[in-house]
Amino acid sequence: MSHHARAHRPEAAPFTERTPRVVAARHLTRRQGRDKAGRFLVEGAQAVREALAWRTGAVHELFVTATAADRNAELLQSAEDQGVRISEVDDKAAASLSETVTPQGLIAVCDTVPQPLDTALTGTPRLVAVLYGVSDPGNAGTVTRVADAAGADAVIFAGDTVDPHNGKCVRASTGSLFHLPIARSRDADEVFEACRQAGLRLVAADGYAEHDLVEASAKGDLKHPTAWVFGSEAHGLPDDVVAKLDTALKVPLYGAAESLNLATAAAVCLYASARDQRN
């Protein structure tokens, strides 16, 4: 154990999977537990570093194995500087909190990220990604990462969409969860209304749309402040949802592929808007 972590509990034995604080943290691997506590688990050095940088006081506790402590002395030091409680755990306890095949032995308990809709859409947003009914956490996390990379102003999880704090979603976002405002609302109509109030044009990414991105770009339509709405991998956006939006566009398919993966399509759409808005 590094001397930093040991400073907190000089002679204490590492926590086991039965230690009450580890048991409490394990509740955060489930959505219900996260929503109740307003906290979630962040695993691995890179993600924990992003969480510490995101907001002082956002990280409440750091569970760390002796091996991980030796490997991440600097990270533990910055956690300690922020007043984060550092608790040594044994390998079994770390594994019980981990959702990966090869646990990294470093897990933080962190405040949940979503902000209220109006806070996330404050100012004059120009580019927003809305995920509607997306159940796959890997896709939702990857779209969050793409939105961050494309310079989007917010990502909104709307309707019956996966929890942004789902372990796989957090990993797929590679820290982007902490870089831009995230909001969520079970009420999709509330989301669409908030986007309109913020001056955004609602555009459905729809494989069955009559017009495509390239035509829209040529007409200058993608320069407008835009909220792109993406549906689930399996079902796309329901017709009644598309009908509520301002327009629908498809990504043109020039080869023989029948469709694009959701996250790939989102990357093409968001970057098309980002490019036209920045030109």
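Residues numbered from 1 in each chain as written. Predicted model: local features only at pLDDT ≥ 70, side-chain atom pairs only at ≥ 80, totals over all residues. Heavy atoms only, no water.

J.: What is the right way to read the overall build of the chain from this model?
T.: Check the secondary structure of the chain and you find 14 helices and 11 strands. Whereas a compact globule of 279 residues would reach a radius of gyration of roughly 19 Å, the chain reaches 21 Å, a difference of no more than 12%. Seen through its C-alpha atoms, the chain measures out along the principal axes to roughly 70 × 35 × 35 Å. Restricting to contacts in the chain with at least 6 residues of sequence separation, those with at least 24 account for 83%. Within the structure as shown, the chain displays about 13,200 Å² of accessible surface, and the carbon and sulfur contribution to it stands at 49%. Looking at charge distribution, the chain has the averaged site of its 29 positive side-chain charges lying 4 Å from that of its 36 negative ones. (Helix = DSSP H or I, 4+ residues; strand = E, 2+ residues; numbered from the N terminus. Rg over C-alpha atoms; globule rule 2.2 N^0.38 Å. Contact = heavy atoms within 4.5 Å. Areas by Shrake-Rupley, 256 points an atom, 1.4 Å probe, with all protein chains shown as cover. Lys, Arg positive; Asp, Glu negative; His and termini not counted. Charge placed at Lys NZ, Arg CZ, Asp CG, Glu CD.)

J.: Explain the packing of helix α9 (residues 137-149) against helix α14 (residues 262-278) here, please?
T.: The description of two helices packed together rests on the angle between their axes and the distance between the axes. As a packed pair, α9 and α14 sit with axes 9 Å apart at the nearest point and diverge in direction by 20°. The angle between α9 and α14 falls in the class roughly parallel. Considering the relative orientation of α9 and α14, their crossing is right-handed. Each of Asn139, Thr142, Val143, Val146, Ala147 and Ala149 in α9 lies in contact with α14, whose residues at this interface are Leu262, Ala263, Ala266, Ala267, Leu270 and Tyr271. For the contact of α9 with α14, the per-class residue count stands at 10 nonpolar, 2 polar and no charged. (Axes fitted to C-alpha atoms, helices over the stretch in contact; angles between N-to-C directions. Parallel < 35°, antiparallel > 145°, perpendicular 65-115°, else oblique. Left-handed = near helix turned anticlockwise from the far one by under 90°. Nonpolar A, V, L, I, M, F, W, Y, C, P; charged D, E, K, R; others polar.)

J.: Would you mind going over the sheet that holds strand β9 (residues 211-212) with me for this structure?
T.: Read from one edge of the open sheet, 7 strands run β7-β6-β5-β10-β8-β11-β9, paired in parallel fashion. Two strands close off the open sheet at either side, each with one partner strand: β7 (182-185) and β9. As defined by bridge partners, strand β5 (residues 127-132) adjoins strand β6 (residues 154-158) across 5 bridges and the pair is classed as parallel. Paired with Val130 across the bridge in β6 is Ile156. Where α9 meets the sheet, its contacts fall on β5, β6 and β7, and the angle it forms with β6 comes to roughly 155°. (Pairing = 2+ DSSP bridges.)

J.: Mind showing me how you'd approach the side chain of Asp212 here?
T.: Residue placement: Asp212 occurs in strand β9. Among buried charged residues, Asp212 stands out as having no salt bridge; its nearest opposite-charge side chain is Lys250, 6.1 Å away. A polar side-chain atom of Asp212 sits 2.8 Å from the main-chain amide nitrogen of Val214. Excluding residues within four positions of it along the chain, Asp212 makes contact with Leu249, Lys250 and Pro252. (Buried < 20%, exposed > 50% of the residue type's maximum accessible area, 1.4 Å probe, protein only. Salt bridge = Lys/Arg side-chain N within 4 Å of Asp/Glu carboxyl O. Polar contact = N/O pair within 3.5 Å; in protein donor to acceptor, adjacent residues only side chain to side chain.)

J.: Any chance you could explain the side chain of Ser173 here in plain terms?
T.: Along the polypeptide, Ser173 turns up in helix α10 (residues 167-173). Not counting residues within four places of it along the chain, the set of residues in contact with Ser173 comprises Gly141, Thr144 and Arg145.

J.: Just to check I follow, could you spell out the layout of surface pockets for this structure?
T.: To locate leftover empty space, one rolls a probe as large as a water molecule over the atoms. The calculated volume of the largest pocket comes to roughly 620 Å³. Contributing to the lining of the largest pocket are 23 residues, with Asp206, Gly207, Tyr208, Ser259 and Leu260 lying nearest its centre. At the level of elements, β11 (247-250) and α14 are the ones that each hand at least two residues to the lining of the largest pocket. Considering every element that reaches the lining of the largest pocket, the biggest residue donor is α14, with 3 residues. A per-class count over the lining of the largest pocket returns 12 nonpolar, 7 polar and 4 charged. By volume, the second largest pocket is sized at about 230 Å³. Lining the second largest pocket are 18 residues, with Glu43, Gly44, Ala47, Val170 and Arg171 sitting closest to its centre. (1 Å grid on protein atoms, 1.4 Å probe; cavity = no way out; pocket = protein on both sides within 12 Å on 5 of 7 lines; lining within 4 Å. Points joined across faces, edges and corners; volume = space filled by probe spheres on them.)

J.: Explain the packing of aromatic side chains to me, please; I cannot follow it from the model alone.
T.: Pairs of aromatic rings are described using the distance from one ring centre to the other and the angle between the two planes. Enumeration over the complete set of coordinates arrives at 3 aromatic pairs. On the numbers, 6.2 Å between centres and 10° between planes, the contact of Trp228 with Phe230 is stacked. Summarising the burial analysis for this pair, Trp228 and Phe230 share the class buried. Taken together, the ring pairs connect Phe40, Trp54 and Phe178 into an aromatic cluster. (Phe/Tyr/Trp six-rings, centres within 6.5 Å; stacked < 30°, edge-to-face > 60°.)

J.: Is there a simple way to explain the sheet that holds strand β1 (residues 39-43) in this structure?
T.: For sheets, the rule is that strands pair by backbone hydrogen bonds, running either parallel or antiparallel. The sheet built from 4 strands is open, its strands ordered β1-β4-β2-β3 with mixed pairing. Two strands lie at the open edges of the sheet, namely β1 and β3 (85-88), each paired on one side alone. Across this sheet, the average inter-strand angle for adjacent strands is 20°, counted without regard to direction. Of the strand pairs in this sheet, β1 and strand β4 (residues 106-111) are connected by 5 bridges, and their pairing is antiparallel. By the bridge assignment, Val42 is partnered in β4 with Ala108. Seen against the sheet, helix α4 (residues 45-54) touches β1, β2 (59-64) and β4 and runs at an angle of roughly 30° to β4.

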